Amino acid sequence: MHQRGKQSASPGEGESPAALTALDLLGAGLTVRRVPRAVPSDVTALRRAVGRHSEPLLCSGLLDSWPARAAWNPAALAERHGARKVTALLDLPDTGVLFPEDQRHYERELSFAAFIEQMNSAWPLSPCYLAYQRAHEIFDPADCDFDSLLPPDGLPTDTRVWIGSAGTRSMLHSDLKDNFFCQLSGEKSVTLLSWRDSKAAYPFPVTW
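On a predicted model such as this, the values are computed, not experimentally measured, just so you know.

Asker: Is there a simple way to explain the nonpolar core in this structure?
Answerer: Across soluble globular proteins, nonpolar side chains show a tendency to be buried alongside one another. Grouped together as the largest cluster of nonpolar side chains are 29 residues, with contacts concentrated most on W66, W72, F112, F115, L130, F139 and I163. In terms of residue count, helix α5 (residues 112-121) provides more of this core than any other element does, four residues in total. In this structure L130 touches V86, T87, A88, F112, F115, I138, V161, W162 and I163, once residues within four positions along its chain are discounted.

See below:
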């Protein structure tokens with residue numbers, strides 16, 4: 001996840017089937033549509049969309065030349081970066097989502113290699129998740145060439161990495177910056193809400 005500049009729509013991330021998510025939203029009275037795909041999916045189309053700050057856009061193939069596409073597999077990552085200490089969420093529940101104040105009950109500090117081992121052996125009923133980690137704190141920045149994709153506008157950026165086993169998910173939430181989301185491996189189902197529906201992401205009063 002590469003975050004930059006202005007605020008964006010409210011994303012919710014999860015592993016449940018996209019069709020089921022869409023039905024849930026339709027049942028709540030919301031309009032559901034697919035994220036448009038850039039044709040062609042090239043850097044020019046992406047930069048144009050980022051500059052407009054108008055709506056989400058799905059691009060394909062822009063990461064194919066990144067070293068991370070070949071180098072970021074569990075065994076290679078554990079070998080290269082295994083000694084680094086990370087804080088991960090382990091043995092998460094398999095239903096519902098965690099509120100931020102509940103996450104501390106699942107946080108554990110361990111080596112990155114130990115996390116990879118845990119991830120490879122985790123059951124979907126007790127998933128694990130390395131979240132919010134700044135990419136440069138573990139990985140070589142040269143593995144991911146974000147600068148070649150984004151406009152040279154000088155806006156500050158904050159690149160984070162999420163790595164997890166099957167079954168991980170998060171609650172609907174609003175991020176503070178625009179997101180440039182790059183999926184390097186596996187699958188993720190993402191639901192985006194328009195700003196006019198942002199209140200639907202926070203149906204309960206804040207208590208922390």
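Asker: Whenever I open this one, unusual backbone geometry confuses me. Can you help?
Answerer: When glycine is set aside, most residues are seen to have a negative phi, and most peptide bonds are trans. In the Ramachandran plot, D91 falls in the positive-phi region, its phi being about 50 degrees despite a non-glycine side chain. Judged by its relative accessible area of 47%, D91 is partly exposed. The phi dihedral of Y132 is positive, around 65 degrees, even though this residue is not glycine. Inspection of the secondary structure assignment puts Y132 in strand β5 (residues 129-134).

Asker: Could you clarify how one ought to interpret the pattern of salt bridges in this entry?
Answerer: Side-chain pairs of opposite charge can arise whenever the charged atoms involved come near each other. Enumeration according to the criterion identifies four salt bridges in this entry. Residue D64 is joined to R69 by a salt bridge in which the shortest nitrogen-to-oxygen separation is 3.9 Å. Between D158 and R160 there is a salt bridge whose closest N-O contact spans 3.0 Å. Judged on exposure class, the residue D158 and its partner R160 are both buried. The structure contains a network of salt bridges with shared partners spanning R134, D158 and R160.

Asker: I keep staring at the packing of helix α4 (residues 74-81) against α5 and nothing clicks. Help me out?
Answerer: Each packed pair of helices is defined by two parameters, the angle between the axes and the distance between the axes. Across the interface, α4 lies against α5 with an axial gap of 8 Å and an inter-helix angle of 160 degrees. Between α4 and α5, the interaxial angle falls into the category roughly antiparallel. Where α4 crosses over α5, the handedness of that crossing is left-handed. Contacts between α4 and α5 pair P74, L77, A78 and H81 from the former with F112, A113, I116, M119 and N120 from the latter. When its residues are assigned to classes, the contact of α4 with α5 shows seven nonpolar, two polar and no charged.

Asker: Looking at this model, I keep getting lost on α5. Mind explaining?
Answerer: Three or more residues of α5 are buried, namely F112, F115, I116 and M119. Considered in projection along α5, the buried side chains sweep an arc of 100 degrees and stay on one side of the axis. Turning to α5, the residues buried within the fold contact α4, β3 (85-89), β4 (107-111), β5 and β6 (157-164).

Asker: What should I look at first to understand the confidence of the model for the protein in this one?
Answerer: Note: predicted coordinates in regions of low pLDDT should not be interpreted at a detailed level. The predicted model of the protein has a mean per-residue pLDDT of 80, with 86% of residues at 70 or higher. Low confidence marks residues 1-19, where pLDDT is under 50. Its contacts with residues over four positions away, or in another chain, come to 89 contacts.

Asker: I would appreciate a short explanation of the packing of aromatic side chains in the present structure.
Answerer: For any pair of aromatic rings, the description consists of the separation of the ring centres together with the inter-plane angle of the planes. Inspection of every chain in the model, using the stated rule, returns six aromatic pairs. Relative to F146, the ring of W66 has its centre 5.0 Å away and its plane inclined at 70 degrees; by these criteria the two rings are edge-to-face. Of this pair, W66 sits in the loop between α2 (43-52) and α3 (68-71) while F146 sits in the loop between β5 and β6; the two residues are 80 residues apart in sequence, bridging distant segments of the chain. Geometrically, the ring pair formed by Y132 and W162 is edge-to-face, given 5.8 Å between the ring centres and 70 degrees between the ring planes. Of this pair, Y132 sits in strand β5 while W162 sits in strand β6, placing them 30 residues apart in sequence.

Asker: Please explain the side chain of D158 as it appears in this structure.
Answerer: Of note, D158 is situated in strand β6. Reaching out from D158, the side chain makes a polar contact with the side chain of R134 at a distance of 3.2 Å.

How each quantity is defined
Residues numbered from 1 in each chain as written. Predicted model: local features only at pLDDT ≥ 70, side-chain atom pairs only at ≥ 80, totals over all residues. Heavy atoms only, no water. Core = buried A, V, L, I, M, F, W, Y, C linked by side-chain atoms within 4.5 Å. Buried < 20%, exposed > 50% of the residue type's maximum accessible area, 1.4 Å probe, protein only. Helix = DSSP H or I, 4+ residues; strand = E, 2+ residues; numbered from the N terminus. Contact = heavy atoms within 4.5 Å. Salt bridge = Lys/Arg side-chain N within 4 Å of Asp/Glu carboxyl O. Axes fitted to C-alpha atoms, helices over the stretch in contact; angles between N-to-C directions. Parallel < 35°, antiparallel > 145°, perpendicular 65-115°, else oblique. Left-handed = near helix turned anticlockwise from the far one by under 90°. Nonpolar A, V, L, I, M, F, W, Y, C, P; charged D, E, K, R; others polar. Arc of directions from axis to C-beta. pLDDT = per-residue confidence, 0-100. Phe/Tyr/Trp six-rings, centres within 6.5 Å; stacked < 30°, edge-to-face > 60°. Polar contact = N/O pair within 3.5 Å; in protein donor to acceptor, adjacent residues only side chain to side chain.

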